[in-house]
Amino acid sequence: MLHTLAVLVENHPGVLTRVSGLFARRAYNIESLSVCQTEDPDISRMTIVVDGDDRVLEQVTKQLHKLVVVHKVVDLTSEAVVNRELALIRVKVNADSRSEILQTVDVFRGQVVDMGRSSVIVELTGDSEKIDAFVRTVRHHGLMELVRTGKIAILRSDN
Amino acid sequence: MMEAESDLIMEPESGANLTGAEILLKALAAENVELIFGYPGGAVLPLYDALLQSPLRHVLVRHEQAAAHAADGYARVSGKPGVCLATSGPGATNLVTGIANAYMDSVPLVVLTGQVPTTLLGTDSFQEVDITGITMPITKHSYLVKDVREIPRIVKEAFYIAGSGRPGPVVIDLPKDIQAATTVPEEASLNLKSYKVFGKGNAGQIIEAAKAISASKRPVLYAGGGVISSGADGALRELCRKTGLPVVTTLMGIGSLPHEHPHLLGMVGMHGTVTANYAVDDCDLLIAVGVRFDDRVTSGLGHRFATKAKVIHIDIDPAEIGKVVRAGIPIVGDARQILESILERVEAPEIEDWWRQIRLWQEDHPLNYSQTDLSPRLIMEKIGELAGETSIVATDVGQHQMWAAQFYPVRRSRHFITSSGLGAMGFGLPAAIGAQLAQPEGLVFLVVGDGGLQMTMQELATIVQYDLPVKIALLDNGVLGMVRQLQGVFCGERFSEIQLHANPDFLKIAEAYGILGMRVKTEAEVEGAVREAIEHRGPVLMDFLISADEWVWPMVPPGKAITEMLGR
Ligand SMILES: Cc1ncc(C[n+]2csc(CCOP(=O)(O)OP(=O)(O)O)c2C)c(N)n1
Ligand SMILES: [Mg+2]
């Protein structure tokens, strides 16, 4: 099962290596990882999607806590969260396919951010499933290049 | 006393500029460091220069690996963090085995390495290696110092991290220009926002544990290195007295109860006693204290280990709990404090029947003497008898290590020093050096094999240079005995590359270093030789010529349950 972890770490060089090295040597699988500075410039936030059962998750969390540079680990999997991923996708176009592709982009509420003679670049944000679905839909036109940020997640405001 | 001296010599007039090297040495003195094991080189020139003016004692080893192992041995005996120092590049990489060893056995070390100047970092410059990167998986934490003003804080944090919680090694990598840079050092304080040390243990869980012990019918306490490092051996003895619990130990737990203690069933696991393994297999309550259910204990079969038991798992590292075996009553915290709290609440369970069963196993399955001319068991027992209760024994890795573990009558905690988790040949001699320096008046025996001795034999020079009266018991079988035994059992006696054909004449080696050497071939000679070794005021090497056909029994083959022992 996929779990989404928010990991608050010190914003130092080498911290990413410590975290990713821990996953590698304990044989935990990282599905995706994204990291950037937070509202506090001394702290970075990593969103890590990791595959494993509850027991693996428990170990991952405890081992992460042991790193001196890790401040906090929160499992967002079963929480009410907003998930987003950003993708930039280069799709092949020609006169025949152009309008169909543009329509698909519309349906997915994406944006065309660059248009060339034989390809377009589509920008898409949403949860991972939405991006997967878009990719499936346009693939037969010719998927030339795909960049994804990996998931980021934040707890919903309490109401 | 060291601090007072250091004040005299090094206390600057307030506001004086000091070099990074001077600040570092001052910071070490402030941590009550008295001894550094090290080896110089280009990238630590400023440090060695500053050392000339420092009250810190430096022990010059002959290979950096020995500096790390000696600091490790020193830490295990003294309970204080050991400190070692090496130059950049090859000096630093030579420390790696020693760092890994300390990490596996949770030994507090502060490891200082020189590094190329910050201006050259990352350029593949001469003797540059990324030692913080290389050691990341085998350290508790590490620092690459980028600013001389950070040194006091980093040293303070390093000692705190190394020695607190679950102890372990911390590396401080010191670029040469940082050692030479000057500043006016400021008072340092810890800046560890998220580092947490667990102490007392959850009160509710402690009550649960005490209840479970009081109600148990077939309890076993499984004691590991955590009992020793937390100083819980006294509480353990008291618990035994109050409850009558039988105790098994890991290799790391040897010494937590005296060898002759009536409640001690011996070591558990691969080369444990039959009784200890049967008792763990059959118990209804396993009280695991400061242990990690290592595969040398469980055979890598957590799910087939103590299957009838409810498990109380006491450990200071939360990540150890549930890692291998699910604990019914987990308690995170300091073993000593937790055992003391349990003691206040526990009542003696009714376990006479259980003890009757245990005594039957003990009668049916004693550890046996071998039938050769010079039995390793006899050697261990004789040394233990003559060396007395306060003797410290350090071992290397192999068959001789297991014989020492089984038969040397260790009576005190911190008196059995061995490489357990890493099983690093070459550990013994340098560890004995560290042990002797931690207990200068103590009687230190090294039990070592002919293979392992040759991995760090150069350190014979160190014991001579520093006048360390280490008594070396070389169990000389002419082979890599433990591997030969494995090949005997698992490879149908197809022995491959285990013969040490060109062993030197170890008496001549001893003589070359100025060490008293003796050769012992028969059991009749053992007592005289050991007596002479103890009476001799300097180091001694006793070359015990034992048979290559001596095997360590019993033995649980890897992958088999602990009740499936060979050679019982
Ligand atoms: C550095 C290292 N290399 C290899 C091994 C594998 N190994 C374990 S025991 C052993 C044999 C040790 O031989 P010796 O020191 O003569 O001791 P004996 O078993 O004969 O008592 C070997 C090679 C090891 N533990 N450590
Ligand atoms: Mg040997």
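Criteria and thresholds
- Residues numbered from 1 in each chain as written.
- Chains lettered and ligands numbered in written order.
- Predicted model: local features only at pLDDT ≥ 70, side-chain atom pairs only at ≥ 80, totals over all residues.
- Heavy atoms only, no water.
- Near = heavy atom within 4 Å.
- Polar contact = N/O pair within 3.5 Å; in protein donor to acceptor, adjacent residues only side chain to side chain.
- Helix = DSSP H or I, 4+ residues; strand = E, 2+ residues; numbered from the N terminus.
- Nonpolar A, V, L, I, M, F, W, Y, C, P; charged D, E, K, R; others polar.
- Donors = N, O, S within 2.8 Å, 3.2 Å for Na, K, Ca; no water.
- Buried < 20%, exposed > 50% of the residue type's maximum accessible area, 1.4 Å probe, protein only.
- Domains from an automatic or database assignment.
- Contact = heavy atoms within 4.5 Å.
- Buried area = accessible area lost by both parts, 1.4 Å probe.
- Salt bridge = Lys/Arg side-chain N within 4 Å of Asp/Glu carboxyl O.
- Core = buried A, V, L, I, M, F, W, Y, C linked by side-chain atoms within 4.5 Å.

### Let's talk about the site of ligand 1
Residue and element names in this part refer to chain B.
Part 1 of the reasoning: Close contacts around ligand 1 come from 17 residues, with His-400, Gly-423, Asp-450, Gly-452 and Gly-481 the closest.
Part 2 of the reasoning: Gln-399 has a polar backbone atom sitting 2.8 Å from an oxygen atom of ligand 1.
Part 3 of the reasoning: Secondary structure elements with two or more residues in the shell around ligand 1: α18 (399–407), α20 (450–453) and α22 (481–490).
Part 4 of the reasoning: Each residue belonging to the shell around ligand 1 can be placed in one class, and the counts come to seven nonpolar, nine polar and one charged.

### Quick look at the coordination of the magnesium ion (ligand 2)
Residue and element names in this part refer to chain B.
Part 1 of the reasoning: The protein atoms donating to the magnesium ion (ligand 2) are Asp-450 (OD), Asn-477 (OD1) and Val-479 (O), with metal-donor distances spanning 2.0 to 2.2 Å.
Part 2 of the reasoning: As a motif over one chain, the donors of the magnesium ion (ligand 2) read D-x26-N-x1-V.
Part 3 of the reasoning: Judged by its relative accessible area of 11%, Asn-477 falls in the buried class.
Part 4 of the reasoning: Residue class for Val-479 comes out buried when judged on its relative accessible area of 3%.

### Some points on the domain arrangement of chain B
A common measure of how large an interface is: the accessible area buried when the components associate.
Residues and elements named next belong to chain B.
Part 1 of the reasoning: Here chain B is partitioned into domain 1 (2–183), domain 2 (203–364) and domain 3 (376–545).
Part 2 of the reasoning: Centre-to-centre separation of domain 2 and domain 3, based on C-alpha positions: 30 Å.
Part 3 of the reasoning: Facing the 15 residues of domain 2 at the interface are 19 residues of domain 3.
Part 4 of the reasoning: Across the domain 2/domain 3 interface, buried area totals approximately 1,400 Å², and carbon plus sulfur atoms make up 62% of it.
Part 5 of the reasoning: Three residues, Leu-251, His-259 and His-271, lead the burial of domain 2 against domain 3; their summed loss comes to 41% of the area buried on that side.
Part 6 of the reasoning: Across the contact surface, domain 2 and domain 3 share one salt bridge.

### Quick word on the nonpolar core
Residues and elements named next belong to chain B.
Part 1 of the reasoning: Counting residues in each nonpolar core, the largest one holds 51 residues, and the members touching the most others are Phe-37, Ile-463 and Ile-472.
Part 2 of the reasoning: Of the residues forming this core, the biggest block, eight residues, is contributed by helix α4 (residues 64–78).
Part 3 of the reasoning: Of the residues that make up this core, three or more belong to each of domain 1 (2–183) and domain 3 (376–545).
Part 4 of the reasoning: Ignoring sequence-local partners within four residues, the contact set of Phe-37 consists of His-58, Val-59, Ala-67, Ala-70, Ala-71, Tyr-74, Val-83, Cys-84, Leu-85, Ile-433, Gly-434 and Leu-437.
Part 5 of the reasoning: Counting residues in each nonpolar core, the second largest holds 36 residues, with Ala-21, Val-44, Val-110 and Ile-154 among its members.

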